[in-house]
Amino acid sequence: MMSIQDTIRQQVTDNSVVLYMKGTPSFPQCGFSSGAVQILKNCGVSFAAVNVLADADIRQGIKEYANWPTIPQLYIKGEFVGGSDIMKELYANGELQTMLNEFKDAE
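Residues numbered from 1 in each chain as written. Predicted model: local features only at pLDDT ≥ 70, side-chain atom pairs only at ≥ 80, totals over all residues. Heavy atoms only, no water.

Caption draft 1: The sheet that holds strand β6 (residues 79-82), seen in detail. One open sheet holds the four strands; their spatial order is β4-β1-β5-β6, and the pairing between them is mixed. Only two strands of the sheet have a single partner each, and these edge strands are β4 (48-51) and β6. Averaged over all adjacent pairs, the angle separating strand axes in this sheet is 25°, with direction ignored. Bridge analysis of strand β1 (residues 17-21) against strand β5 (residues 73-76) gives four bridges, and the strand direction is antiparallel. Counterpart to V18 in the pairing with β5 is Y75. (Pairing = 2+ DSSP bridges. Helix = DSSP H or I, 4+ residues; strand = E, 2+ residues; numbered from the N terminus. Axes fitted to C-alpha atoms, helices over the stretch in contact; angles between N-to-C directions.)

See below:
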């Protein structure tokens, strides 16, 4: 059986952009997750969303995976980018858009 860390590793490597969040993109369960979804939508990218509220093992496991205590968490190409504050900062200075440029949905 795969460990929860293996499952997370697979999720972040199988998808170019992954957001671990509370709730779903259409129904976020916390303000930080809602903000993170909005930022990604503003960047015009499709992303995989993992609802940590639906799986307690993932919810705990993702904190250990990145050694980051809070949700949401953004991964791009398997690399941990950060939580909502870091996403806001990167978005405000344009870095996030650059990081996500190659994943933009075709117009």
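Caption draft 2: The arrangement of the pattern of salt bridges in detail. A complete count under the given rule lists two salt bridges for this structure. For D6, the salt bridge identified is with R9, shortest N-O distance 2.9 Å. With D6 and R9 both in helix α1 (residues 4-14) and three residues apart, the pair spans about one turn of that helix. (Salt bridge = Lys/Arg side-chain N within 4 Å of Asp/Glu carboxyl O.)

Caption draft 3: How the structure looks around the packing of α1 against helix α3 (residues 56-65). Viewed as axis vectors pointing N to C, α1 and α3 meet at an angle of 75°, and their least axial separation amounts to 9 Å. In terms of axis orientation, α1 runs roughly perpendicular to α3. Contacts between α1 and α3 involve I4, Q5, T7, I8, R9, Q11 and V12 from the former and D57, I58, G61, I62, E64 and Y65 from the latter. In terms of residue class, the contact of α1 with α3 is built from six nonpolar, four polar and three charged. (Parallel < 35°, antiparallel > 145°, perpendicular 65-115°, else oblique. Contact = heavy atoms within 4.5 Å. Nonpolar A, V, L, I, M, F, W, Y, C, P; charged D, E, K, R; others polar.)

Caption draft 4: The side chain of Q73, seen in detail. With respect to the helices and strands, the residue Q73 is situated in strand β5. We classify Q73 as buried; its relative accessible area is 0%. (Buried < 20%, exposed > 50% of the residue type's maximum accessible area, 1.4 Å probe, protein only.)

Caption draft 5: Just the packing of aromatic side chains, in detail. One pass over the structure, following the stated rule, counts four aromatic pairs. Ring geometry for Y20 versus Y75: centroids 5.6 Å apart, planes at 80°, classification edge-to-face. Note that Y20 is positioned in strand β1 and Y75 in strand β5, a separation of 55 residues in sequence. Across this residue pair, the class does not change: Y20 and Y75 are buried. What links up through ring pairs into an aromatic cluster is the set Y20, Y65, W68, Y75 and F80. (Phe/Tyr/Trp six-rings, centres within 6.5 Å; stacked < 30°, edge-to-face > 60°.)

Caption draft 6: Highlighting the side chain of S33. In this structure, S33 sits in helix α2 (residues 31-42). For S33, the residues in contact, after removing those within four places along its chain, are M21, K22, P28 and P72.

Caption draft 7: Main features of the state of the cysteines. Inspection of every chain in the model, using the stated rule, returns zero disulfides. Here C30 is not cross-linked by a disulfide; its sulfur's nearest cysteine counterpart is in C43, at 18 Å. When its relative accessible area of 19% is taken as the criterion, C30 is described as buried. The exposure class of C43 is buried, given its relative accessible area of 3%. (Disulfide = S-S within 2.5 Å.)

Limitation: the analysis is restricted to geometry and does not speak to function.
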